[in-house]
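Structural characterization, general
If you want the building blocks of each chain, they are given just below.
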Number of protein chains: 2
Amino acid sequence: MDTILLAHGSGGKMMHTLVKDVFVKEFDSSHLRKYEDSAVLEIIDKKIVFTTDSYVVDPIFFPGGDIGKLAVSGTINDISVMGAVPHFLSCGLILEEGFSAEELQKVIKSMKKSADESSCEIVTGDTKVVDKGKGDKIFINTSAIGTMIPDVSLSKKFIEPGDMILINGFIGDHGIAVLSKRKGMEFETSIKSDVQPLNKLIGDLLSNGLSVRFMRDPTRGGVATTLNEICDGMEFGIELIEEKIPVREGVKGFCEILGFDPLYVANEGKVIIVIKREDSDKALEIIKKFPEGRDADFIGEVTRENAGRVILRTIIGSHRIVDMLSGEQLPRIC
Amino acid sequence: MDTILLAHGSGGKMMHTLVKDVFVKEFDSSHLRKYEDSAVLEIIDKKIVFTTDSYVVDPIFFPGGDIGKLAVSGTINDISVMGAVPHFLSCGLILEEGFSAEELQKVIKSMKKSADESSCEIVTGDTKVVDKGKGDKIFINTSAIGTMIPDVSLSKKFIEPGDMILINGFIGDHGIAVLSKRKGMEFETSIKSDVQPLNKLIGDLLSNGLSVRFMRDPTRGGVATTLNEICDGMEFGIELIEEKIPVREGVKGFCEILGFDPLYVANEGKVIIVIKREDSDKALEIIKKFPEGRDADFIGEVTRENAGRVILRTIIGSHRIVDMLSGEQLPRIC
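We now examine helix α7 (residues 249-258) of chain A. Residues and elements named next belong to chain A. Along α7, the residues that are buried comprise V251, F254 and C255. Down the axis, α7 shows its buried residues gathered within 105° of arc, on one side only. What points out from α7, more than 90 degrees from its buried face, is the exposed set E249, E256 and I257. Where α7 is buried, its residues contact α4 (173-179). With its phi angle positive at about 80°, G259 sits one or two positions after the end of α7.

Looking now at the domain arrangement of chain A. All names here are of chain A. Split into domains, chain A comes out as domain 1 (36-148) and domain 2 (156-321). In this structure, domain 1 and domain 2 have C-alpha centres spaced 24 Å apart. Counting from both sides, the interface comprises 24 residues of domain 1 and, opposite them, 23 residues of domain 2. Ranking the residues of domain 1 by area buried against domain 2 places P63, N77 and V81 at the top, with a combined share of 32%. Inspection of the domain 1/domain 2 interface yields one salt bridge. D58 serves as the salt-bridge partner of R182, at 3.7 Å between the closest nitrogen and oxygen. One can count seven residue pairs in polar contact (both at pLDDT 80 or more) joining domain 1 with domain 2. Listed by contribution, the elements that provide at least two residues to the side of domain 1 that touches domain 2 are β3 (61-62), α2 (67-80) and α3 (101-117).

The strand order across the open sheet built from five strands is β6(A)-β5(A)-β7(A)-β2(A)-β1(B), with neighbouring strands paired in mixed fashion. Bordering the open sheet on either side are β6 (121-130) of chain A together with β1 (38-42) of chain B, each of which pairs with just one other strand. Neighbouring strand axes in the sheet, compared pairwise and without regard to direction, differ in orientation by 20° on average. By the bridge criterion, five bridges tie strand β2 (residues 47-55) of chain A to β1(B) in an arrangement that is antiparallel. Note on β1(B): the bridge partner recorded for T51(A) is S38(B). Against the sheet, helix α1 (residues 13-27) of chain A makes contact with β5 (84-96) and β6 of chain A, and its axis sits at roughly 145° relative to β6(A), the strand it touches most.

Reading the values: rules and limits
Residues numbered from 1 in each chain as written. Chains lettered and ligands numbered in written order. Predicted model: local features only at pLDDT ≥ 70, side-chain atom pairs only at ≥ 80, totals over all residues. Heavy atoms only, no water. Buried < 20%, exposed > 50% of the residue type's maximum accessible area, 1.4 Å probe, protein only. Helix = DSSP H or I, 4+ residues; strand = E, 2+ residues; numbered from the N terminus. Arc of directions from axis to C-beta. Contact = heavy atoms within 4.5 Å. Domains from an automatic or database assignment. Buried area = accessible area lost by both parts, 1.4 Å probe. Salt bridge = Lys/Arg side-chain N within 4 Å of Asp/Glu carboxyl O. Polar contact = N/O pair within 3.5 Å; in protein donor to acceptor, adjacent residues only side chain to side chain. Pairing = 2+ DSSP bridges. Axes fitted to C-alpha atoms, helices over the stretch in contact; angles between N-to-C directions.

In structure tokens, the structure reads:
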């Protein structure tokens, strides 16, 4: 098998061979080896968390990762920011006829590696093939099931003025890394995507009994959009301190050239944490112990003023409203 | 909004409006109204069933259904044939730039209707938009969570020679209905897709204490492929009786013209049930009470001979091997 043919999606012999020799072999799960349409899972807890995400990133390989690592990490992070431990993943593939079998193998191996590193298991899957020109190499849907961490309850409604806003590192890396390899736009940069699973960092933070109010991963739409989602309709505002927001020089430079604002550029290994002020130093200390939290810092705080709005206090001391992304900045970034 | 733009997938204001005004409004779930990335669900049972399926059917509207009804019914059926009750669904959309907003609305309404009819809830979702020419209108991934019906255990390993093979109605309707509307291939037919959720029929059958051994929905690859999957590597064979296999005259006719074998044509509202001979009449009686089982009948039996193989006893009394679909018959049928 060199390339994917329509017959690989038709339910017959060729699909069975593909599933057996590539997916079941690589993902190496006792659930998959049953060749059932569904996985039967033992869940001890009663409260489960369920999420889904499709990944259509272009290009599928980029500095720091690929669509496979992204599909596993992104969905794991969606479960984690709910205050839950991710356990099981599904893998739904839409392949374009003619897609390279070697690239498919690479993506599948990458999914398995990320799942292993996060102690998650890919337990069920599905493959469809669409005609050439009706897809784009590979689209991946991952859905996931997790269980709520006992005694953890995160919600926007717990957020209070005075709470601190924390992020675990540099912003905008993912967006710029993907863009640097996009056809017709290639540029040389040392920026790598931050794509990574955050379940270990988040799990550790939440098991320390600190008053974490809320968490969200600032992916599409970036930090600005996520903070706006947090404020939206609430009786508090958020003040960001421009000089505290960690942005690499490379990201800053490319954003200036391309006319982007790093606050709106996608991240895939970042989490925004809203935490009670009294517990915030302890939280920062815990997070900084993890490689994925080494560059963590406070970037702002929750205010009584400007309810429902995100305000940026600039380096020169002025204030400006940071609105939600309107329209299109970077398509197919995840 | 008349058509889908790339900005509808960018995580900003336009995506929020689309999600709020179309998806959350139509699906009408308290879980979705929380606008979280994941749904927190209460599951009383410990044993849960998890499945995923992507749908890329072309065209997206066909006689008897559309991609929305298909995406909900197909995934519900995957859960049901495991001996489980489906509860929660996810909805992951990949939209092509320029896709009609009206058609999107129709598909979403159709998903909601099918979910309601099956007492299932769509609780989490995701939307991506790809550039024009990199997708095909709409691809849908649905994943689902169900819980095992107590005291029900279905497995190929319980199948014994003498067991009966039952199907709940006519085969091949879905494949022929979809094909009849495919661009460049249109033909007039009264055949409608059999797409329908089977959870009520299956749930009722399984709660009657009958010795059901195994079930599978014969979708891609048709009845022939599914029966081959059941036999594969086992110490029994399956004998099909040609004259007992329910095929509509219209399906027969189009299959002859197009050079297809109805045994390999996809179904989306059918289930193959392997049941202990002593319980089979009672099972048929139960199934026939449901509209989706009105035309149910036995189509063959499990044999000690021909281990691992499916044999068709033809009307003229000869025998031929019914192999698994090799290569491509009907691409993008689901």
